[in-house]
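Here are the chains, one letter per residue:
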Number of protein chains: 2
Amino acid sequence: MSGAQRTGRGTVKSPQRRQHLAGQDRQEQIIDRAVELFAQKGFALTTRELASGLQITQPLLYRYFPSKQMLIEKVYERVFFSRWRPEWAQWLADRRQPFRQRLIHYLTDYTQAILHNEWVRIFLYAGLQDPALNQRYLAMLHKDVFSVINAELRHENHADAPPDARQIMLETEILWGFHASFFYMGVRKWVYQLPMPDDLEALIAERVDAFLGGVLHPARP
Amino acid sequence: MSGAQRTGRGTVKSPQRRQHLAGQDRQEQIIDRAVELFAQKGFALTTRELASGLQITQPLLYRYFPSKQMLIEKVYERVFFSRWRPEWAQWLADRRQPFRQRLIHYLTDYTQAILHNEWVRIFLYAGLQDPALNQRYLAMLHKDVFSVINAELRHENHADAPPDARQIMLETEILWGFHASFFYMGVRKWVYQLPMPDDLEALIAERVDAFLGGVLHPARP
DNA sequence: AATTTTGATTATCGTTCGATAAATTCAGAG
DNA sequence: CTCTGAATTTATCGAACGATAATCAAAATT
């Protein structure tokens, strides 16, 4: 009876040799796969589907995560906060390069960080379920990126007088629209699943120029 | 035993007088409420929750809809296609008014149609589950709106030569970013649940000017 | 008032879900 | 080689889900 797998009988369903993994490795493996599968099916993905995708049994998940929700939290951490680069703010503020070039540099790196199937889809799934995570992320973006870009824009325009509240609001709104347009490229590709141009570099340059052309005042002689 | 509700016994749980509604009315009532509740909880909303929100019993839903999925289809119809205005294309092409004004007119009406909690959230829920609906909607948008705006832009720029494929692609990309920025206002408000400026009119005008400033070439003397 | 039709409820089925307990197998230490 | 602890599986529970059948009550019809 026991040890059926080692006997030569060919009808055994699968070799099915148990893979004992070190706890740490298994935990990371689970998170990795959860990122992929949650991105596809959302948090409605069942623990059985996840286990099946890992070729392990479903109760094993509960050895490493006390609940499905706690696993989801780990997925958040892996996807969003591990890809954030604090140096973005410094790049944008470094006036040794032209502002246009700084913007392109930042956006090239930023899009490389977030324009992935898992990032875009899980960000939306998270927001629809509970926006707390998105608010945290966007607060970070506002603080490290938006405020710097707005300051540099005013510097480029030789604006001496500090802008009033309404002016700041309008500038921030334009910036929101501009910045979100890159995230939205991911929405088009991985949510709507529409074809996208592949030359991202060119698109970034084009949008930066359209943005600056609309928001930069040429020096009036 | 029978007729317990009419006897004077005060311990009866609720008056619970059966509300007989005409079939047509009940069906519409169900769809209306389903729109609200699906927008909040997504399609994971259970038929029991929906029934509870309507103060009816759960099996009654199946008198009016053969399955939950068919009800979802009706919700799509109600939310998206009933709010589409075919006249948008005509407005945009009507050269008796300045292009800037046409754009503002269109966007004011368009945002009034789509900037609602249910529209934005259900559009995203739908896309994440199956993008077929979104593709249909966006194909409509592309055909009726994008192509007209692009044509008018070329007309404004006095572009005689027909643009090459790459030029069309770049223009369309800029337009995507511009147009999506209005939908994204709804995402900020009802998905991320961030505070939004209330003066939509001003925001539209500001964005239109930023867009045209970046994309319109001043006549070179 | 009796009868029919249709709207609405009660009861329930089969399935699937997240989670737990107990038994089993691997791998490293002695 | 044996022992032991950690990793994994088997078996299962209670709750919740979509859906159906049977029953009941309110209108509409006659």
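All values derive from a computational prediction rather than experimental measurement.

1. So, the relation of the copies chain B and chain A
Overlaying chain B with chain A gives an RMSD of 0.1 Å, the required rotation being 180° about an axis along which the chain moves by 0.0 Å. Taken together, the rotation angle and the small translation identify this as a two-fold axis. Looking at the interface residues of chain B, 100% of them are also at the interface in chain A, so both copies use one shared face.

2. Details of the interface of chain B and chain A
By a widespread convention, an interface's size corresponds to the accessible area lost as its parts come together. On the chain A side, the residues contacting the 37 residues of chain B number 37 residues. With both chains or domains summed, chain B and chain A bury close to 3500 Å², and 70% of this area falls on carbon and sulfur atoms. For the chain B face of the interface with chain A, the top three residues by lost area are L128, E173 and Y192 of chain B, together amounting to 20%. The tally of links between chain B and chain A comes to four salt bridges. Among the salt bridges present, the one from E173 of chain B reaches R207 of chain A, with a minimum N-O distance of 3.2 Å. Elements with a contribution of two residues or more to the side of chain B that touches chain A: α7 (117–129), α8 (132–156), α9 (165–191) and α10 (200–215) of chain B. At 13 residues, α9 of chain B tops the list of elements feeding residues into the side of chain B that touches chain A. Residue classes in the side of chain B that touches chain A are distributed as 21 nonpolar, nine polar and seven charged.

3. Focus: the confidence of the model for chain A
Any segment with low pLDDT has predicted coordinates that should not be analysed in fine detail. Confidence in the prediction for chain A averages 88 pLDDT; 88% of positions are at 70 or higher. Predicted confidence is poor over residues 1–15 of chain A, with pLDDT under 50, and the contacts of this stretch with residues over four places away or in other chains come to three contacts.

4. A word on the protein's contact with DNA strand C
Neighbouring residues of DNA strand C: 25 residues in total, closest Y62 and K68 of chain A together with Q19, L21 and R26 of chain B. Atoms of DNA strand C within 4 Å of the protein belong to the sugar or the phosphate in 63% of instances, the rest to bases. Q58 of chain A places a side-chain nitrogen or oxygen 2.8 Å from a base nitrogen of DNA strand C. Between DNA strand C and R26 of chain B, the relevant distance is 2.6 Å, taken from a phosphate oxygen to a side-chain nitrogen or oxygen of the residue. For the surface near DNA strand C, the secondary structure elements donating two or more residues are α2 (47–54) and α3 (58–64) of chain A together with α1 (23–41) and α3 (61–64) of chain B. The leading source of residues in the surface near DNA strand C is α3 of chain A, at three residues. Taken together, the residues of the surface near DNA strand C break down into eight nonpolar, 10 polar and seven charged.

5. A look at the packing of helix α1 (residues 23–41) of chain A against helix α4 (residues 68–81) of chain A
Residues and elements named next belong to chain A. At a minimum axis separation of 9 Å, α1 and α4 run at an interaxial angle of 85°. With respect to α4, the axis of α1 lies roughly perpendicular. Contacts between α1 and α4 involve E28, I30, I31, D32, A34, V35 and F38 from the former and K68, L71, I72, K74, V75, R78 and V79 from the latter. Tallied by class, the residues present in the contact of α1 with α4 amount to nine nonpolar, no polar and five charged.

6. Remarks on the side chain of N134 of chain B
Locating N134 of chain B in the fold gives a position in helix α8. By relative accessible area, which is 0% here, N134 of chain B ends up buried. For N134 of chain B, the contacting residues outside a window of four places in its chain are Y192 of chain A together with F123, A126 and G127 of chain B.

7. Here's the deal with the protein's contact with DNA strand D
Around DNA strand D, the surrounding shell holds 25 residues, and the nearest of these are Q19, R26 and T57 of chain A together with T46 and Y62 of chain B. Backbone atoms, meaning sugar plus phosphate, form 64% of the atoms of DNA strand D positioned within 4 Å of the protein. Within the contact set of DNA strand D, a phosphate oxygen lies 2.8 Å away from a side-chain nitrogen or oxygen of T47 of chain B. Counting residues per element, the ones that place at least two in the surface near DNA strand D are α1 and α3 of chain A together with α2 (47–54) of chain B. Looking at the surface near DNA strand D, the element that brings in the most residues is α3 of chain A, giving four residues.

8. Observations concerning the pattern of salt bridges
Under the definition given, this model contains 28 salt bridges over all chains. One salt bridge connects R78 of chain A with E28 of chain A, and the closest N-O pair in it is separated by 3.9 Å. Separated by 50 residues along the polypeptide, R78 of chain A in helix α4 and E28 of chain A in helix α1 bring together distant segments of the chain. The class of R78 of chain A is partly exposed, set by a relative accessible area of 25%. R154 of chain B is paired through a salt bridge with E171 of chain B; the nearest N and O atoms lie 3.0 Å apart. With R154 of chain B in helix α8 and E171 of chain B in helix α9, this residue pair connects regions lying 17 residues apart in the sequence.

9. Details of the environment of V145 of chain B
Residue position: V145 of chain B is located in helix α8. With residues up to four places along the chain from it excluded, the contact list for V145 of chain B reads W84, L92, Y106, M140 and H179 of chain B.

10. Remarks on the packing of aromatic side chains
The description of two aromatic rings rests on the distance between their centres and on the angle between their planes. Inspection of the entire model under this criterion finds 50 aromatic pairs over all chains. Centre to centre, the rings of F43 of chain A and Y76 of chain A are 5.9 Å apart; their planes meet at 80°, and the pair counts as edge-to-face. Here F43 of chain A is found in the loop between α1 and α2, whereas its partner Y76 of chain A is found in helix α4, with 33 residues between them in sequence. Note on accessibility: F43 of chain A and Y76 of chain A belong to one class, buried. A centroid spacing of 5.4 Å and a plane angle of 85° characterise the contact between F178 of chain B and F182 of chain B, whose relative ring orientation is edge-to-face. Here the residue F178 of chain B and the residue F182 of chain B both occupy positions in helix α9, the gap between them amounting to four residues, near one helical turn. Pair check on accessibility: F178 of chain B and F182 of chain B agree, each one buried. Above the face of the F182 of chain B ring, R207 of chain B is positioned so that its terminal group lies 5.7 Å from the ring centre.

Basis of the calculations
Residues numbered from 1 in each chain as written. Chains lettered and ligands numbered in written order. Predicted model: local features only at pLDDT ≥ 70, side-chain atom pairs only at ≥ 80, totals over all residues. Heavy atoms only, no water. Least-squares fit on C-alpha atoms with pLDDT ≥ 70 in both. Contact = heavy atoms within 4.5 Å. Buried area = accessible area lost by both parts, 1.4 Å probe. Salt bridge = Lys/Arg side-chain N within 4 Å of Asp/Glu carboxyl O. Helix = DSSP H or I, 4+ residues; strand = E, 2+ residues; numbered from the N terminus. Nonpolar A, V, L, I, M, F, W, Y, C, P; charged D, E, K, R; others polar. pLDDT = per-residue confidence, 0-100. Near = heavy atom within 4 Å. Polar contact = N/O pair within 3.5 Å; in protein donor to acceptor, adjacent residues only side chain to side chain. Axes fitted to C-alpha atoms, helices over the stretch in contact; angles between N-to-C directions. Parallel < 35°, antiparallel > 145°, perpendicular 65-115°, else oblique. Buried < 20%, exposed > 50% of the residue type's maximum accessible area, 1.4 Å probe, protein only. Phe/Tyr/Trp six-rings, centres within 6.5 Å; stacked < 30°, edge-to-face > 60°. Lys NZ or Arg CZ within 6 Å of the ring centre and 35° of its normal.

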